[in-house]
Amino acid sequence: MHYLEVANLTKSFNQTPVFNNISFDISQGEFITLLGPSGCGKSTLLRSLAGLITPDRGQIRVSGEDITWLKPQQRGIGMVFQSYALFPNLTVADNIAFGLKMQRLDTNDIKRRVAEAVELVGLEGRESYYPASLSGGQRQRVALARALVVRPRILLLDEPLSALDAPIRKHLREQIRTIQQQLNLTTVFVTHDQEEALTLSDRVFVMNQGQIVQADTAEAVYTRPANDFVAGFMGNYNLLTPEQARQLLGLEISGRLAVRPESIYIREPGRDYGPAMTAPVTATVASHQLLGNVIRYRIRVADCLLTVDRLNRGADALLPAGSPLELIFNSTELKEVA
Ligand code: ADP
């Protein structure tokens, strides 16, 4: 059975629709990421689930119960925001205890549950600190503990990592995933960062202009994009027009051909690439960009500029602008999209 069910949810601001009749189901314990460009409606959707925004129409059900019109505090939903939103004048422990005090729990129960939550997010020893003396990552862990301590049925995370530095962001996202799996907590996570979405989620909902354009596993969204928007948004796909596909590959298509940068190879003489490869086409390096272990080339073929990724094997292997070369394509990894 589906745990969270959203049916025909509709929301406009001043007659401008953000989303129209959006529907989806999430199973218990699933980690879903809403991924899409800024302004596509991710936060509005998440806030509607939390009860911070009232939808115009539609239904939100959790475990069969209609919660569409309930107040936020009646929904059993925890939320973490990008801006930690901690009380600056309360200690870590008191920030975490806040929701339990509102529920008028027994003092001993509050102590026990705060200690559990502190341990869950790894903040032992920091209980009496004030937010101002914590790092960004620690503050976000307080916010996470505060959301978890009330034992929510669903956890909502609105870009919780975007204000943090890269190494902390990576560490915290792994911690969030571990805790979520440990608690089997149904979670909806909002991000515009495709790497975050692909590494964290059971399923990714790719959104564009208020619509979920693809809801699928990370693997499927990345390798089998549903349309040219998803292809353009994920993985730096090259999108070839029918004319370019005919010119470069002799393929007759009616939509666009989506080709990932790692599905195009710069041919090295004498190397066997196997039977899946297309016939070589001559090309020239236009520019390159170093992305750590990968070199991302822009390569000109006829009137077409392609993005091609190649493992970085050191400065000797770098091809400067103007270098002539031959490209071959892995024909099993070409995908026609609408
Ligand atoms: P995202 O989270 O994907 O960046 P949002 O849900 O924040 O997108 O915004 C979706 C659209 O709704 C945007 O065009 C935004 O300007 C508009 N919007 C969001 N909140 C409000 C509001 N309170 N009043 C008016 N328009 C809003």
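Quick caveat, the model's predicted, so the values are computed rather than measured.

Rules of the game
Residues numbered from 1 in each chain as written. Predicted model: local features only at pLDDT ≥ 70, side-chain atom pairs only at ≥ 80, totals over all residues. Heavy atoms only, no water. Salt bridge = Lys/Arg side-chain N within 4 Å of Asp/Glu carboxyl O. Helix = DSSP H or I, 4+ residues; strand = E, 2+ residues; numbered from the N terminus. Buried < 20%, exposed > 50% of the residue type's maximum accessible area, 1.4 Å probe, protein only. UniProt positions renumbered as here; feature names shortened; annotations may be inferred. Pairing = 2+ DSSP bridges. Near = heavy atom within 4 Å. Polar contact = N/O pair within 3.5 Å; in protein donor to acceptor, adjacent residues only side chain to side chain. Areas by Shrake-Rupley, 256 points an atom, 1.4 Å probe, with all protein chains shown as cover. Contact = heavy atoms within 4.5 Å. Axes fitted to C-alpha atoms, helices over the stretch in contact; angles between N-to-C directions. Parallel < 35°, antiparallel > 145°, perpendicular 65-115°, else oblique. Left-handed = near helix turned anticlockwise from the far one by under 90°. Nonpolar A, V, L, I, M, F, W, Y, C, P; charged D, E, K, R; others polar.

**Considering the pattern of salt bridges**
Move 1: In the structure shown here, the tally under the stated rule is 19 salt bridges.
Move 2: A salt bridge links glutamate 196 to arginine 169; the nearest nitrogen and oxygen atoms lie 3.9 Å apart. Placement of glutamate 196 in helix H6 (residues 194–200) and of arginine 169 in helix H5 (residues 166–183) is noted, with a sequence separation of 27 residues between them.
Move 3: With a closest N to O distance of 3.7 Å, arginine 271 and glutamate 268 form a salt bridge.
Move 4: Look at glutamate 268 and you get partly exposed, because its relative accessible area is 29%.
Move 5: Connected through shared salt-bridge partners, Asp109, Arg112, Glu116 and Arg151 make up one network.

**Focus: the UniProt feature "domain: ABC transporter" (unreviewed entry) in the protein**
Move 1: This chain's UniProt record puts "domain: ABC transporter" (unreviewed entry) on residues 4–234.
Move 2: End-to-end, the C-alpha atoms of residues 4–234 are 26 Å apart, and along that stretch the chain is 36% helix and 27% strand.

**Considering the pairing of strand E12 (residues 256–259)**
Move 1: One ladder, built from three bridges, connects strand E11 (residues 238–240) with E12; its direction is antiparallel. By the bridge assignment for E12, leucine 240 is matched with leucine 257.

**A closer look at the site of the ligand**
Move 1: Around the ligand sit Phe13, Val18, Pro37, Ser38, Gly39, Cys40, Gly41, Lys42, Ser43 and Thr44, and that is every residue in its neighbourhood.
Move 2: At a separation of 3.1 Å, an oxygen atom of the ligand approaches a polar backbone atom of cysteine 40.
Move 3: A distance of 2.9 Å separates an oxygen atom of the ligand from a polar side-chain atom of lysine 42.
Move 4: Across the complex, the protein chains shield 55% of the 560 Å² of accessible surface that the ligand would expose by itself.
Move 5: Of the residues forming the shell around the ligand, the biggest block, three residues, is contributed by helix H1 (residues 42–50).

**Describing the side chain of threonine 186**
Move 1: Mapped onto the fold, threonine 186 is located in strand E8 (residues 186–191).
Move 2: A polar atom in the side chain of threonine 186 sits 2.9 Å from the backbone nitrogen of glycine 29.
Move 3: If we ignore the near neighbours within four places in the chain, the residues touching threonine 186 are Tyr3, Ile26, Ser27, Gln28, Gly29, Glu30, Arg153, Ile154 and Leu155.

**Focus: the packing of helix H2 (residues 92–102) against helix H3 (residues 107–120)**
Move 1: For the pair H2 and H3, interaxial distance at closest approach is 10 Å and the crossing angle is 130°. Judged by the angle between their axes, H2 and H3 are oblique. As H2 runs across H3, the sense of the crossing is right-handed. Contact residues: H2 offers Ala93, Ile96, Ala97, Leu100 and Lys101, while H3 offers Ile110, Arg113, Val114, Ala117 and Val118.
Move 2: Class assignment of the residues belonging to the contact of H2 with H3 gives a composition of eight nonpolar, no polar and two charged.

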